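Okay, here's what each chain looks like letter by letter:
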Amino acid sequence: DRPKGVTVVLIGMRGAGKSTLGRLAADLLCADFVDLDEVIREKNDGLSASEIVQRDGWNTFRDLEFQALALTLKNAPQSSVRMLSCGGGILENPSSEDLINTHWPVIF
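Residues numbered from 1 in each chain as written. Predicted model: local features only at pLDDT ≥ 70, side-chain atom pairs only at ≥ 80, totals over all residues. Heavy atoms only, no water.

Enquirer: A description of the sheet that holds strand β4 (residues 106-107) should follow, citing residues and the corresponding values.
Expert: The pairing of strands in a sheet comes from backbone hydrogen bonds and takes either a parallel or an antiparallel form. Read across the sheet, four strands follow the order β2-β3-β1-β4 without closing on themselves; strand pairing throughout is parallel. Where the open sheet ends on each side, the last strands, each with one partner, are β2 (32-35) and β4. Examined bridge by bridge, strand β1 (residues 6-10) and β4 share two bridges and lie parallel to one another. If you follow L10 over to β4, its bridge partner there is I107. Across the sheet, helix α2 (residues 36-43) is in contact with β2 and β3 (81-85); its angle to β2 comes to roughly 65°. (Pairing = 2+ DSSP bridges. Helix = DSSP H or I, 4+ residues; strand = E, 2+ residues; numbered from the N terminus. Contact = heavy atoms within 4.5 Å. Axes fitted to C-alpha atoms, helices over the stretch in contact; angles between N-to-C directions.)

Right under this line is the structure:
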């Protein structure tokens, strides 16, 4: 039996393959996959991370990223496994780092 109600958080350097490996793992585990950058895009009128940074700056983007992370972890699935790929700079925001430090499992 696989665990129920688990969000596996993937963190790592930019361009390391978190989204690619997260999608592959999700397929193999019959799990859901969430890309935090896509969550941010959906909640910000379709703007990409780079567009948000260009328009509003890094601090605003990091705040939006934290909000998306907190909401995504709060709304964890109750009966399934989910892979969550975070952006490469997620740990640059101390609030995001603190939240991730209280979560399990996290894969770097």
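Enquirer: Tell me about the environment of L36, residues and numbers included.
Expert: Turning to its location among the elements, L36 is positioned in helix α2. For L36, a relative accessible area of 0% puts it in the buried group. Dropping the residues within four chain positions of it, L36 is found in contact with E65, A68, L69, T72, L84, S85, C86 and I90. (Buried < 20%, exposed > 50% of the residue type's maximum accessible area, 1.4 Å probe, protein only.)

Enquirer: Give a detailed account of the packing of helix α3 (residues 49-56) against helix α4 (residues 58-74), specifying residues and quantitative values.
Expert: Where α3 contacts α4, the two axes come as close as 7 Å, and the packing angle between them is 135°. Taken together, α3 and α4 sit at an angle that is classed as oblique. Packed against α3, whose contacting residues are A49, I52, V53 and D56, the element α4 presents W58, T60, F61 and L64 at the interface. Looking at the contact of α3 with α4 residue by residue, the class counts come to six nonpolar, one polar and one charged. (Parallel < 35°, antiparallel > 145°, perpendicular 65-115°, else oblique. Nonpolar A, V, L, I, M, F, W, Y, C, P; charged D, E, K, R; others polar.)

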